[in-house]
Amino acid sequence: MKNIGVIVNTKRPRAGNVLGELRSLAEGHGFKLYAEDAGMAKTLGAEHIPVEDFGRKVDMTLAMGGDGTVLYTARALHGFDVPIMGINLGSLGFLTSVGDTEMRQALEAIATKNYKVSTREVAECRIFQNGDPVGEERALNDIVLGWGASSRIVTLKLSIDGELVGSFMCDGMMVSTPTGSTGHSLSAGGPILHPGVGGFGINVICPHTLSSRPLVIPNSSLIEIEVANAAKSLILSIDGQDEYKVKQGGRIKIRKSPHEVKFLQLAGHSYFSVLAKKLHWRGSSL
Ligand SMILES: NC(=O)c1ccc[n+]([C@@H]2O[C@H](COP(=O)([O-])OP(=O)(O)OC[C@H]3O[C@@H](n4cnc5c(N)ncnc54)[C@H](O)[C@@H]3O)[C@@H](O)[C@H]2O)c1
Ligand SMILES: Nc1ncnc2c1ncn2[C@@H]1O[C@H](COP(=O)(O)OP(=O)(O)OP(=O)(O)O)[C@@H](O)[C@H]1O
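Rules behind the numbers
- Residues numbered from 1 in each chain as written.
- Chains lettered and ligands numbered in written order.
- Predicted model: local features only at pLDDT ≥ 70, side-chain atom pairs only at ≥ 80, totals over all residues.
- Heavy atoms only, no water.
- Near = heavy atom within 4 Å.
- Polar contact = N/O pair within 3.5 Å; in protein donor to acceptor, adjacent residues only side chain to side chain.
- Areas by Shrake-Rupley, 256 points an atom, 1.4 Å probe, with all protein chains shown as cover.
- Helix = DSSP H or I, 4+ residues; strand = E, 2+ residues; numbered from the N terminus.
- Nonpolar A, V, L, I, M, F, W, Y, C, P; charged D, E, K, R; others polar.
- Contact = heavy atoms within 4.5 Å.
- Phe/Tyr/Trp six-rings, centres within 6.5 Å; stacked < 30°, edge-to-face > 60°.
- Buried < 20%, exposed > 50% of the residue type's maximum accessible area, 1.4 Å probe, protein only.
- Lys NZ or Arg CZ within 6 Å of the ring centre and 35° of its normal.

Engineer: Teacher, can you tell me more about the site of ligand 1 here?
Structural biologist: In the vicinity of ligand 1 lie 14 residues, with D67, N141, D142, T182 and S187 positioned nearest. At 2.9 Å, a side-chain N or O of N141 approaches a nitrogen atom of ligand 1. Between ligand 1 and T179, the relevant distance is 3.0 Å, taken from a nitrogen atom to a main-chain nitrogen or oxygen of the residue. When isolated, ligand 1 has an accessible area of 750 Å², and the protein chains bury 65% of it. Listed by contribution, the elements that provide at least two residues to the shell around ligand 1 are α4 (67-76) and α6 (184-187). Residue composition of the shell around ligand 1, grouped by class: four nonpolar, seven polar and three charged.

Engineer: Could you clarify how one ought to interpret the site of ligand 2 in this entry?
Structural biologist: Lining the immediate surroundings of ligand 2 are 16 residues, of which N9, R12, T69, S91 and G93 lie closest. Here an oxygen atom of ligand 2 sits 2.6 Å away from a polar atom, N or O, in the main chain of S91. Between ligand 2 and the protein, one listed contact pairs an oxygen atom with a side-chain N or O atom of Q241 at 2.8 Å. About the coverage of ligand 2: the protein hides 68% of its 630 Å² of free accessible area. Counting residues per element, the ones that place at least two in the shell around ligand 2 are β1 (3-8) and α4.

Engineer: Help me understand the side chain of T155 in this model?
Structural biologist: Along the chain, T155 falls in strand β10 (residues 154-160). Setting aside anything within four residues of it in sequence, one finds T155 in contact with S167, F168, M169, E226, V227, A228 and N229.

Engineer: Is there a simple way to explain the packing of aromatic side chains in this structure?
Structural biologist: Remark: the centre distance and the inter-plane angle together describe each pair of aromatic rings, the angle taken between the planes. For the structure shown, the criterion picks out two aromatic pairs. With 6.3 Å between their ring centres and 85° between their planes, F94 and Y271 make a pair best called edge-to-face. Of the two residues, F94 sits in the loop between β5 (84-88) and β6 (98-99) while Y271 sits in helix α7 (residues 271-279), which places them 177 residues apart along the sequence. With a relative accessible area of 10%, F94 lands in the buried category. With a relative accessible area of 13%, Y271 lands in the buried category. Taken together, F94, Y271 and F272 form an aromatic cluster joined through their ring pairs. If you follow K32 out to its NZ or CZ, it ends over the ring of Y34, 5.0 Å from the centre. The aromatic ring of F128 is capped on one face by K253, whose charged end is 5.1 Å from the ring centroid.

Following this line, the structure appears as structure tokens:
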């Protein structure tokens, strides 16, 4: 891998500290850097190209920021087979592969091809209002339908592969990929899905019933959520990156995308140790 794209969240205070190091390490390894931001390109001695051209020019991309930056990068590279290595300049950085103090190891791993590849499923989502298509999106983490302008309860109908599974009076519903299972879904009481699992998690947000539990369904499923009754517009959020307003009569169809996202990780990377370290997952204390 010789051509490396760089996407940096420049709002992160630690960004300035690592760019000089990245430039000299890249020069040392003979890597050519590409950046979407003109100022960043100058600082890095990189070629400035629009992010839409990354797919054709780069072999991989460094996403430098937090989880939001990894999600932004995956979105920008959608459809291209360009692996991502996340470098954590954020606070949690669950989806990042290395810390900012491990830049040297990261570039060394790329130069010697001594890394792990973790392939992540992506969900694709089509949005309809009164039968008309209004948008098409892809999510690495999750598709969340909820919130809106008031606290009024809504009724959502969930169908899987054409079968009505349930009608829920609730605040909303979310569908997460295995990658997204440690994001919003976790906060809503959903299960943790290992990234190697092929499936979707479905959580109803605040269902008004004692009997609703999170579901895990196969990745071959077609999921449909219909806004059957709502006195307000709901917000549909895709990975926290994009939003749509969905009113009564709106319908969301979700299935697995044919495209995947590949994360490059250092050889010693362990999903379970990240879970323990960053989300404090643990066994008994005794
Ligand atoms: N209540 C919640 O837990 C909540 C609320 C909003 C968004 N989110 C998550 O954040 C993502 C991005 O949305 P945003 O830009 O509005 O918020 P954000 O980027 O500020 O993220 C919110 C928090 O979730 C963490 N996070 C994101 N994806 C994760 C993942 N796959 N595993 C573990 N932690 C993860 C981030 O590091 C951050 O601490 C969403 O896709 C959603 O999964 C969570
Ligand atoms: N290079 C970029 N260009 C444009 N927007 C970006 C870029 N990087 C990140 N963003 C936006 O900024 C938001 C915040 O991203 P960031 O990764 O810094 O923090 P975060 O999601 O709070 O993660 P963490 O909790 O891990 O620190 C993202 O959701 C994304 O929309």
